[in-house]
Amino acid sequence: MTLPGPREVIVDHESIGRLFQAAAKGDAAAWRSLVEALSPLVWSVVRAHGLSDADGHEAYQTTWFRLAQHLDRIREPERVSTWLATTARNECRKIIRSGRKLVVGEADTFDRIPDERTPETVVIESEEAAAEAERHRRLWAAFQQLGDKCQRLLRVLMGSPPHSYQEAAAALGLQIGSIGPMRQRCLRRLRVLMSEGGGP
Amino acid sequence: MTEDDDMLENDLRRAAEFLDPVPAALLDSAVAAFTLRSLDAELATLTFDSLAEAAAVRSGGGVRVLGFSSGEHQVEVELSFTDGSGRLVGAVEPPEPAEVVVEGASWSRAVRADALGRFTCAGLASGPLSLRVRLAAGELRTEWITA
């Protein structure tokens, strides 16, 4: 069974590989589609590393700028999502190692980019899916009560296409074989938290 | 339970898209990176970074040491930050006078490398950073790093 992605964005490895090859040949529209399809993955890797907003933005940008530089150097186009996950992880770890994260909680003192929801999202939320939005918030609240390891794994999976354990393993520096069982454990724990919080 | 797991994960995916989406300005900057590529420049890849996992030796005083190579030419860079302001000291190998453009995500600064290939640039902001080096033989472009 194939579940529809959030925006029906095509994200299977084969399509991604084709987009990448077209972009490498100079197709700007293909590059845009690639950025749109894989940005949630890069963003979720950044989020999973718990960087402040400012640091997270920088890691995200460096990752994509690098991919643009490497367009004609990546030999396995269908593995570009794994390349992005690995690159984003490395950038995040370097930022953390640099020690320029001053103190935990410093994030709030950085310039925050305000609510960036698209007009469409706002309309959908207000008119059509107030109940769904509420469900999202409850789910999110339960998610935030999970332990660090589960939060990190699930945050990466949220930004990835379904069943992309390879990307998650690359993003977190874990063995691919450990992702499935860990995911199952974390989702089970999430269900418990949801039911405790009077969830759906 | 696998299908239930898939559904719950998909709910999380949708929730993330509503509650923690990729900031639109960031997405735009990634899209723009395509047109901002220097197609004529040769890529100098990052060959050493004192912040890399493998680099067990940490340089003292918060100085980050980076090395880039395009095969024929090397660019060495020392980067340090004091009170949020970055200072870069670099050298081109083999040495030659060159024009160096230090680029961030939305700014750039031109400096000169002297006859020994040395250059400096101060007052840098943190964030993505790349150098364009115009040598007699052609132009080099270093891989992006996060300064």
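One can find the structure itself at the top, above this paragraph.
Cut-offs and rules
- Residue numbers here run from 1 along each chain, matching the order of that chain's written sequence.
- Ligands are numbered from 1 and chains lettered from A, in the order in which they are written.
- Totals for whole chains, interfaces and linings use all residues, but because this is a predicted model, local features are given only for residues with pLDDT of at least 70 and pairs of side-chain atoms are given and counted only at 80 or more.
- The side-chain numbers reported here are obtained from all heavy atoms of the structure, hydrogens and water having been left aside.
- The numbering of helices and of strands both runs from the N terminus, where a helix is a DSSP run of H or I of at least 4 residues and a strand a run of E of at least 2.
- Type-normalised accessible area, obtained with a 1.4 Å probe on protein chains alone, sets the label of each residue: buried when under 20%, exposed when over 50%, and partly exposed for intermediate values.
- Two residues form a contact once any of their heavy atoms are found within 4.5 Å.
- Each accessible area value is a Shrake-Rupley result obtained with a 1.4 Å probe; residue values ignore everything except the protein chains displayed when judging cover.
- All axes here are fitted lines through C-alpha atoms, helices being fitted over the stretch that makes contact, and every angle between N-to-C directions spans 0 to 180 degrees.
- For classification purposes, angles smaller than 35 degrees are called roughly parallel, those larger than 145 roughly antiparallel, those between 65 and 115 roughly perpendicular, and all remaining angles oblique.
- Classification convention: Asp, Glu, Lys, Arg as charged; Ala, Val, Leu, Ile, Met, Phe, Trp, Tyr, Cys, Pro as nonpolar; all other residues, Gly among them, as polar.
- Two cysteine sulfur atoms make up a disulfide if the distance between them is within 2.5 Å.
- By definition, a salt bridge exists where a carboxyl oxygen of Asp or Glu is found within 4 Å of a side-chain nitrogen of Lys or Arg.
- Stacked, tilted and edge-to-face pairs are distinguished by plane angle, under 30 degrees for stacked and over 60 for edge-to-face with tilted covering the rest, among Phe, Tyr and Trp rings (Trp via its six-membered ring) whose centres lie within 6.5 Å.
- Expected helix span is given by 1.5 Å per residue-to-residue step, counting one fewer step than there are residues.
- By buried area we mean how much accessible surface two parts lose on assembly, using a 1.4 Å probe and totalling the loss over both.
- Throughout this description, a polar contact denotes any pair of N or O atoms lying within 3.5 Å of each other; where both atoms belong to protein, one of them has to be capable of donating a hydrogen while the other can accept it, and for residues adjacent in sequence the pair is counted only when both atoms sit in side chains.

A. View of the overall build of chain A. A tally of regular secondary structure across chain A gives nine helices and zero strands. In sequence order, chain A lays out its α and β elements as α-α-α-α-α-α-α-α-α. By the burial criterion, 48% of the 200 residues in chain A qualify as buried. Sequence-distant contacts in chain A: of pairs separated by 6 or more residues, those separated by 24 or more amount to 66%. By element, 51% of the accessible surface of chain A is carried by carbon and sulfur atoms, the whole surface being about 9900 Å².

B. Structural context of the packing of helix H8 (residues 165-172) of chain A against helix H9 (residues 176-196) of chain A. Residue and element names in this part refer to chain A. Where H8 contacts H9, the two axes come as close as 9 Å, and the packing angle between them is 105°. Judged by the inter-axis angle, H8 sits roughly perpendicular to H9. Side by side, H8 and H9 meet where Tyr165, Gln166, Ala168 and Ala169 of the first sit next to Ile176, Ile179, Gly180 and Arg183 of the second. Across the contact of H8 with H9, the residue classes break down as five nonpolar, two polar and one charged.

C. Here's a closer look at H8 of chain A. Residues and elements named next belong to chain A. H8 sits mainly inside the fold: six of its eight residues count as buried. Regarding H8, the residues found buried are Glu167, Ala168, Ala169, Ala170, Ala171 and Leu172. Buried residues belonging to H8 abut helix H1 (13-24), helix H2 (28-48), helix H4 (80-98), helix H7 (148-158) and H9. Positive phi appears at Gly173, one or two residues downstream of H8, with a value of about 70°.

D. Highlighting the state of the cysteines. All names here are of chain A. Following the criterion strictly, the structure yields one disulfide over all chains and no others. Across the disulfide, Cys150 is cross-linked to Cys186 (sulfur-sulfur distance 2.2 Å). Note on the Cys150 and Cys186 pair: the S-S dihedral is about -80°, so by sign convention the disulfide is left-handed. Taken together, the residues Cys150 in helix H7 and Cys186 in helix H9 connect sequence positions 36 residues apart. In terms of burial, Cys150 and Cys186 fall into one category: buried.

E. Representation of the pattern of salt bridges in the model. Tallied over the full model, the rule gives 21 salt bridges over all chains. Between Glu9 of chain B and Arg183 of chain A there is a salt bridge, with the nearest N and O atoms lying 2.5 Å from each other. Taken as a pair, Glu9 of chain B in helix H1 (residues 2-19) and Arg183 of chain A in helix H9 lie in two separate chains rather than in one. What makes Glu9 of chain B buried here is its relative accessible area of 3%. A salt bridge links Glu103 of chain B to Arg141 of chain B, with the nearest nitrogen and oxygen atoms 3.2 Å apart. Placement of Glu103 of chain B in strand E5 (residues 98-103) and of Arg141 of chain B in strand E9 (residues 138-142) is noted, with a sequence separation of 38 residues between them. Given the relative accessible area of 13%, Glu103 of chain B is considered buried.

F. Highlighting unusual backbone geometry. Between Glu93 of chain B and the following residue, Pro94 of chain B, the backbone shows a cis peptide bond with an omega angle of -10°. On the secondary structure map, Pro94 of chain B appears in the loop between strand E4 (85-93) and E5. The phi dihedral of His163 of chain A falls on the positive side, at around 65°, and the residue is not glycine. Looking at the element boundaries, His163 of chain A is found in the loop between H7 and H8. For Asp83 of chain B, which is not a glycine, the phi torsion comes out positive at approximately 50°. Locating Asp83 of chain B in the fold gives a position in the loop between strand E3 (74-82) and E4.

G. Summary view of the packing of aromatic side chains. Residue and element names in this part refer to chain A. One pass over the full model with this rule turns up six aromatic pairs over all chains. Taking the centre distance of 6.4 Å and the plane angle of 80° together, the rings of Trp43 and Tyr60 count as edge-to-face. One end of the pair, Trp43, is in helix H2; the other, Tyr60, is in helix H3 (residues 53-69), with 17 residues separating them in the sequence. The burial state of Trp43 is the same as that of Tyr60; both residues are buried.

H. Here's a closer look at H9 of chain A. Over its 21 residues, H9 of chain A runs 31 Å from end to end, which matches the ideal 30 Å to within 8%, given 1.5 Å per residue. Within H9 of chain A, burial applies to Ile179, Gly180, Met182, Arg183, Cys186, Leu187, Leu190, Leu193 and Met194 of chain A. Contacts made by the buried residues of H9 of chain A are with helix H6 (130-143), H7 and H8 of chain A together with H1 of chain B.

I. How the structure looks around the interface of chain A and chain B. In this assembly, 64 residues from chain A lie in contact with 53 residues from chain B. Roughly 5600 Å² is buried in total at the junction of chain A and chain B, and carbon and sulfur atoms are behind 61% of that figure. At the boundary of chain A with chain B, the tally comes to nine salt bridges. When the shortest N-O distance is used, the salt bridge between Asp6 of chain B and Arg183 of chain A registers 2.7 Å. The interface formed by chain A and chain B holds 26 residue pairs in polar contact (both at pLDDT 80 or more) in total. Elements with a contribution of two residues or more to the side of chain A that touches chain B: H2, H3, H4, helix H5 (119-128), H6, H7 and H9 of chain A. In terms of residue count, the dominant contributor to the side of chain A that touches chain B is H3 of chain A (11 residues). Class assignment for the residues of the side of chain A that touches chain B results in 29 nonpolar, 13 polar and 22 charged.

By themselves, these figures tell us nothing about what the structure is for.
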